[in-house]
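# Structure at a glance
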Amino acid sequence: MAYTFKDLAEEILGSAQEPMTPAEIWHEAERRGLVSKLGSHGKTPQDSLAAQLYTDVKAAHSRFAVHEGKPKRFSLADVSPKADASARQAVAASPRRTFTECAQLVLETFANRQPMHYLDITRKALEQGWLHTDGKTPEASLYAQILTQISRAQEKGAEPLFVKYGRGMVGLSAWNKSGIDGLADRHNTDVRKKLLARLLKMPPSAFERLIQRLLIEMGFVETSVTPISKDGGIDVRGTWEIAGGIRQRYAVQVKRWKGNIQAPTVQNVRGSLKTGELGLIITTSDFTKGARTEARDETKHSPISLVNGKQLVELLIANGIGVRVERIEVLELDDSL
């Protein structure tokens, strides 16, 4: 069976955290290299995609739901509001689980701590009645959500729930937490928490100098801490030397905060940039959804890079700041004796 625009939309929306416009769906499909599955898609693919989505949501058992507003956005619909009553009752009789929740449950129940292929995970989830979807490609949607969970956790500096082993094989990261490795991991997690707590207690000026030191270790040159109340809130300026002699100037704002950074802070940093500068915000906390959206808005002057507290801790550890690495010897029996 040919791969259609609706199959493409289902694969993208299956891993989306919020409704998307047809244009956003198409751009994400291009980014993932899924457009090639369509074969021929004509001269106006975004219009064709939108037309098929609008046609589908009018059907009795639509794969999709449309959300009012301008522009209109789409999401997956497990059971359309127009679906018959018996279908709705059947779904309501069992727990509602996401694709990732189903994958985790299958791995915990049937995998015996061994990786499983995502096709087998999907089959088990459907057999057990844990996964409810009207989509024609649940395997693709489940695998896409697993990969999204991994990438988003890594982006935030957190440990992913899943481990990708390649060739479609998936496991749980919790399986690696036993014995000496588990003890070391729990100790290192505790050290990370203590390091972040120490950052939160630092005086603002000391925290700014710490970030300056980190930037230098990362390869920045000509760094300087900006005087208080100068340069529109920019705390550190520096130049990053990239391989090949390329140099890029950065304006950095640091936030030793417990509360999450919101969109106005990102806007203020963008407004304080000098010609040729890129913006960077480093915080001990995290960023709201609005702040992240504002930071990557390509219609603005330039995107702003964001580093949250967990990522900051990892950068400090990677550059040997605030921690020391101790090596231990572990003895194992030699089976040759």
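Please read these numbers as outputs of a predicted model, since none were measured by experiment. (Residues numbered from 1 in each chain as written. Predicted model: local features only at pLDDT ≥ 70, side-chain atom pairs only at ≥ 80, totals over all residues. Heavy atoms only, no water.)

## Regarding the sheet that holds strand β4 (residues 162-166)
Quick note on the threshold: Here, a strand pair is defined by DSSP locating no fewer than two bridges between the strands. Secondary structure follows DSSP: runs of H or I at least 4 residues long count as helices, runs of E at least 2 residues long count as strands, and numbering of each begins at the N terminus. The criterion used for residue contact is that any of the two residues' heavy atoms lie within 4.5 Å. Angles shown run from 0 to 180 degrees and are taken between the N-to-C directions of axes, each axis being a line fitted to C-alpha atoms and, for helices, limited to the stretch in contact.
Across the sheet, three strands lie side by side as β3-β5-β4; this open sheet has antiparallel pairing. With one partner strand each, in any of the chains shown, β3 (116-117) and β4 form the two edges of the open sheet. Of the pairings in the sheet, the one linking β4 to strand β5 (residues 169-172) comprises four bridges and is antiparallel in character. When the sheet's bridge partners are listed, Val 163 is paired in β5 with Gly 171. Of the strands in this sheet, β4 and β5 are in contact with helix α7 (residues 138-155), which crosses β4 at around 115 degrees.

## As for the layout of surface pockets
Under the convention used in this document: Both cavities and pockets are sets of points on a 1 Å grid over the protein atoms alone; in a cavity a 1.4 Å probe fits but cannot get out, in a pocket the set is open with protein on both sides within 12 Å along at least five of seven lines, and lining residues sit with an atom within 4 Å of a point. Grid points are joined across faces, edges and corners, and a volume is the space filled by probe spheres set on the points. Any residue outside Ala, Val, Leu, Ile, Met, Phe, Trp, Tyr, Cys, Pro, Asp, Glu, Lys and Arg is labelled polar, Gly included; the first ten of those are nonpolar and the last four are charged.
Taken as a whole, the largest pocket holds about 1800 Å³ of empty space. Together, 41 residues line the largest pocket, and Glu 18, Met 20, Glu 28, Arg 152 and Arg 296 are the ones closest to its centre. At the level of elements, α1 (5-13), α2 (22-32), α7 and α11 (289-295) are the ones that each hand at least two residues to the lining of the largest pocket. Considering each element in turn, the lining of the largest pocket owes the most residues, 11 residues, to α7. Of the residues that constitute the lining of the largest pocket, the class distribution is 12 nonpolar, 11 polar and 18 charged.

## Comments concerning the sheet that holds strand β8 (residues 246-255)
Spatially, five strands are ordered β6-β7-β8-β9-β10 in an open sheet, and the strand pairing comes out mixed. Since the sheet does not close on itself, it has two edges, and those belong to β6 (220-225) and β10 (304-307), each with one partner. Neighbour-to-neighbour, the strand axes of this sheet turn through a mean angle of 25 degrees, independent of strand direction. One ladder, built from four bridges, connects β6 with strand β7 (residues 236-242); its direction is antiparallel. In the sheet register, Phe 220 faces β7, and the bridge partner there is Trp 240. Lying over the sheet, helix α9 (residues 204-217) contacts β6, β7, β8 and β9 (277-283), oriented at roughly 170 degrees with respect to β6. The strands that helix α12 (residues 309-318) touches are β9 and β10; relative to β10, the one it contacts most, it runs at about 80 degrees.

## What to know about the side chain of Thr 283
Here Thr 283 is to be found in strand β9. If we skip the residues at most four places from it in the chain, Thr 283 touches Lys 255, Trp 257, Ile 261, Val 307, Asn 308, Gly 309 and Leu 312.

## Points about unusual backbone geometry
Where we set the bar: A simple rule labels every residue: compare its accessible area, found with a 1.4 Å probe on the protein chains alone, to the largest value its type can have, and call it buried under 20%, exposed over 50%, or partly exposed in between.
A positive phi angle, close to 55 degrees, is found at Asn 112, a residue other than glycine. Although it is not a glycine, Glu 222 sits at a positive phi angle of roughly 55 degrees. Note that Glu 222 resides in strand β6. For Glu 222, a relative accessible area of 58% puts it in the exposed group.

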